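Coordinates in review
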Amino acid sequence: MDERSRYLRRLILSGIEGTRKGHIGSALSVVEIIRVLYDDIMKYRPQEPLWPERDRFILSKGHGCLALYAVLADKGFLDVEELKTYALENSRLGGCPESLVPGIEATTGALGHGLSIGVGMALASRIQNRRSRVYVVLGDGELDEGSIWEAALCAAKHKLSHLTAIIDCNKLQLGGSTKEILNLEPLREKWISFGFTVEEVDGHNVDTLKATFKRLPFSSDKPSMVICHTIKGKGFSFAENDYKWHWKSGIDDATILKMKSSLEKE
Amino acid sequence: MFYAFRDTIYELAKMDKRIILISADQDVGLSHMQSEMPNQFFMEGISEANAIGMASGLAADGFRPFILNHASFLTRRCYEQIVLDACLQERPIRLVGMGSGLATAHLGPTHTIIEDIAITRAIPGMTVIAPCDAVEMKKLMPHILKWPKPVYLRLARYGKPIVTRDEGEVEIGKAVVLYKGESSKKNVLLISTGAMTLSAIKAVEELKEAGIECTVLHFHTIKPLDKNAIIELAQKAKLIVTLEDHTIIGGLGSACLEVLMDNIHSKNLPQVYRMGLPDKFIHQYGTQESLMEEFGLQPLQIANRIMKLMKK
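Summary of the structure given here. (Residues numbered from 1 in each chain as written. Chains lettered and ligands numbered in written order. Predicted model: local features only at pLDDT ≥ 70, side-chain atom pairs only at ≥ 80, totals over all residues. Heavy atoms only, no water.)

**Description of the overall build of chain B**
Of the regular secondary structure elements, chain B holds 12 helices and 12 strands. On C-alpha atoms alone, chain B measures out to a radius of gyration of 19 Å, which is about the 20 Å that the 2.2 N^0.38 rule sets for 312 residues. Overall size of chain B, expressed as C-alpha extent along the three principal axes, is 60 × 40 × 35 Å. Considering only intrachain contacts with a sequence separation of at least 6, the fraction spanning at least 24 residues in chain B is 77%. As presented, chain B carries roughly 12400 Å² of accessible surface, and 52% of it is formed by carbon and sulfur atoms. Where the 35 positive side-chain charges of chain B centre and where its 35 negative ones centre are 6 Å apart. (Helix = DSSP H or I, 4+ residues; strand = E, 2+ residues; numbered from the N terminus. Rg over C-alpha atoms; globule rule 2.2 N^0.38 Å. Contact = heavy atoms within 4.5 Å. Areas by Shrake-Rupley, 256 points an atom, 1.4 Å probe, with all protein chains shown as cover. Lys, Arg positive; Asp, Glu negative; His and termini not counted. Charge placed at Lys NZ, Arg CZ, Asp CG, Glu CD.)

**Details of the packing of aromatic side chains**
In this description, an aromatic ring pair is defined by two values, namely the gap between the centres and the angle between the planes. All names here are of chain A. Summed over the entire model, instances satisfying the criterion amount to 12 aromatic pairs over all chains. Between Y38 and Y44 the ring centres are 5.2 Å apart and the planes differ by 55°, which places this aromatic pair in the tilted class. With respect to class, Y38 is no different from Y44; both count as buried. Seen in terms of ring centroids, W149 and W191 are 4.7 Å apart; in terms of plane orientation they differ by 35°. Their pairing is tilted. (Phe/Tyr/Trp six-rings, centres within 6.5 Å; stacked < 30°, edge-to-face > 60°. Buried < 20%, exposed > 50% of the residue type's maximum accessible area, 1.4 Å probe, protein only.)

**Notes on the pattern of salt bridges**
All chains considered together, the criterion is met by 30 salt bridges over all chains. R4(A) is paired through a salt bridge with D39(A); the nearest N and O atoms lie 2.7 Å apart. Separated by 35 residues along the polypeptide, R4(A) in helix α1 (residues 3-19) and D39(A) in helix α3 (residues 31-41) bring together distant segments of the chain. On the basis of relative accessible area, D39(A) is assigned to the partly exposed category, the value being 27%. The residue K236(B) makes a salt bridge to E232(B) at a minimum N-O spacing of 3.7 Å. The exposure class assigned to K236(B) is partly exposed, which follows from its relative accessible area of 43%. (Salt bridge = Lys/Arg side-chain N within 4 Å of Asp/Glu carboxyl O.)

**What to know about helix α12 (residues 299-311) of chain B**
Because an α-helix packs 3.6 residues into every turn, residues spaced three or four apart end up facing the same way. All names here are of chain B. In this model, α12 (13 residues) spans 19 Å end to end at C-alpha, consistent with the 18 Å of a helix rising 1.5 Å per residue. Here α12 has its buried residues at P299, I302, A303, I306 and L309. Projected onto a plane normal to the axis of α12, the buried residues spread over an arc of 125° and lie on a single side. Exposed and facing more than 90 degrees away from the buried side of α12 are K308 and K311. Next to the buried residues of α12 lie β8 (187-192), α8 (196-209), β11 (237-247) and β12 (271-277). (Expected span 1.5 Å × (residues − 1). Arc of directions from axis to C-beta.)

**Digging into the interface of chain A and chain B**
Residue-level contacts link 26 residues of chain A with 24 residues of chain B. For the pair chain A and chain B, the summed buried surface comes to about 1900 Å²; carbon and sulfur atoms form 55% of the total. Counting the surface chain A buries against chain B, the share from its top three residues, H113(A), I127(A) and E150(A), is 30%. Across the chain A-chain B interface, the total number found is three salt bridges. Among the salt bridges present, the one from K157(A) reaches E44(B), with a minimum N-O distance of 3.4 Å. (Buried area = accessible area lost by both parts, 1.4 Å probe.)

**Concerning the environment of F218(A)**
All names here are of chain A. Mapped onto the secondary structure, F218 falls in the loop between α9 (206-214) and β7 (224-229). Judged by its relative accessible area of 18%, F218 falls in the buried class. Along the chain, F218 and A152 lie 66 residues apart, while their C-alpha atoms are 16 Å from each other. Ignoring anything within four residues of it in the chain, the contact list for F218 reads T197, E199, T212, S224, M225 and V226.

**Let's talk about helix α10 (residues 253-262) of chain A**
All names here are of chain A. Listing the buried residues of α10 in full gives T255, I256 and M259. All buried residues of α10 fall inside an arc of 105° around its axis, so they share one side. Opposite the buried face of α10, at more than 90 degrees from it, the exposed residues are A254 and L257. Against α1 and α2 (24-29) lie the buried residues of α10.

**Side note on the sheet that holds strand β2 (residues 41-44) of chain B**
Residues and elements named next belong to chain B. One open sheet holds the seven strands; their spatial order is β2-β1-β3-β4-β6-β5-β10, and the pairing between them is mixed. Among the strands making up the open sheet, the edge pair consists of β2 and β10 (221-223). When the angles between neighbouring strand axes are averaged without regard to direction, this sheet yields 20°. Across three bridges, strand β5 (residues 127-129) lies against strand β6 (residues 151-154) in parallel orientation. Across the sheet, I129 pairs through a bridge with L153, a residue of β6. (Pairing = 2+ DSSP bridges. Axes fitted to C-alpha atoms, helices over the stretch in contact; angles between N-to-C directions.)

**As for the sheet that holds β8(B)**
All names here are of chain B. If you walk across this open sheet you meet the five strands as β7-β9-β8-β11-β12, and the pairing is mixed. Looking at the sheet topology across the chains shown, the edges are occupied by β7 (176-179) and β12. Going from strand to strand, the sheet's axes swing by 25° on average, the running direction of each strand aside. As defined by bridge partners, β11 adjoins β12 across six bridges and the pair is classed as parallel.

**Topic: the pairing of β8(B)**
Residues and elements named next belong to chain B. Within β8, six of the six residues are buried, leaving the element largely enclosed by the surrounding structure. With six bridges joining them, β8 and β11 adopt parallel strand pairing. Bridging from a neighbouring strand, L189 pairs with I240 of β11. Looking at chain direction, β8 and strand β9 (residues 214-218) are connected through five bridges and run parallel. Bridge assignment links L190 to a residue of β9, and that residue is V216. Once you follow β8 into α8 and on to β9, the crossover reads as right-handed. (Right-handed = clockwise from strand over helix to strand, strands pointing away.)

As structure tokens, then:
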């Protein structure tokens, strides 16, 4: 993990330090995906969040919002200091993201909503002759929701090649492994059969993510899907691949210290 | 009433490119729009949740999506999408619920929806509109188009008599006195909405013959409710009767009671009687008219029930 990824995790940690709880595992698996999109792929104006020509990013797995807040703060949509207010009284930065916050395109948190909203935004972009692209990050657990598959069919029907769905595929959900709770495999084949062009990548490898996203759209007449294989809790060895870190509360000082030391230079 | 909606939205869509119709597999007689205005009509699958989310995304970028479907599927099936994707994010989408109340009686309780007013009006930021006839429907359309909030448009009667007049303006959130009793004496205040307003007007004619003066206050907008109209007319009423083709839990009658209890001291409150549908699933089939009869909502039945209440 490079210094930038460690830095973004330190920003996430600054949010956790105040409230001592959050969907930590969900945020840590999606950091590199969001980082690469905002660093290298998407066009946007932090000082003009509603710039019509911007690309749209929707974190459909809203629980991972700490990672999105960290990147938005790093890019200047938010003050870095504001991250410390995460989920505290009077904060704009809730445990799930709301579209009232600059840079948040859609309020999410209830699962299965983001892809349909992304379909609408992609249609709007096409009708208005804009070049805006739409990126929607889904959790693998989120794919249990039937509405995701309604949206997938609709995206393919409308040939939304400027819509990219991305799965943060960390193989775990709140109650255990995705395989045991509701098996999604064969996942790649499912999305192909639903009309997407699919690629699979290591969701923590920044170079691979960048190279893959640069090749979007994968087809000129189909929506794209990038299945990103990730590790829940990535960056904190004691939390990695442990579904109990999907949501954590009552985090004590010792654990905070342990998290901090994990992020020191390797 | 649906034809009035259909014809008006078609004309408006020709002038206003922000209008997008999304039909969730309903043949509404507008499929010609697909060739005439391909960016303004989408025939989508039987996937209401996706239709609402898609509309939310379109509305976020300035469009005014109207989603057409049976009222039952358009409200029950995708309630979370309505709450979160439309109302919470203040996306001005319009849900056009066809066949609400008893209008689809022949299809039974899977299609008959009697709780749609209750569940939609409970959502913060939602506007609930139930016109009583085609004339009013047409007049409301430009206002609905301009309205900045999400709207649930409840359509419950097909091409039936006109009870409003061509002249006169309508305003969202403003109730209409459709029949005024003699102002010199206290009378019966009938409060109605949607399909029931026709029944109210007819019941009043029966009651007049029996010497009972009535005022009919029609609410084409159930939320926001015209509180002032209720409060003002309630002071002059001997009896208030609310009429709706909806469960008596949470609909227009409940909304009126909320306003009355909050604003008028109980000792000054006239008797209030809610006429509507009982708190049970409707397993009887038939027609809108036959089920109205079953539940005592035909004009003569309403008049007789009011006469009994007046004798008490």
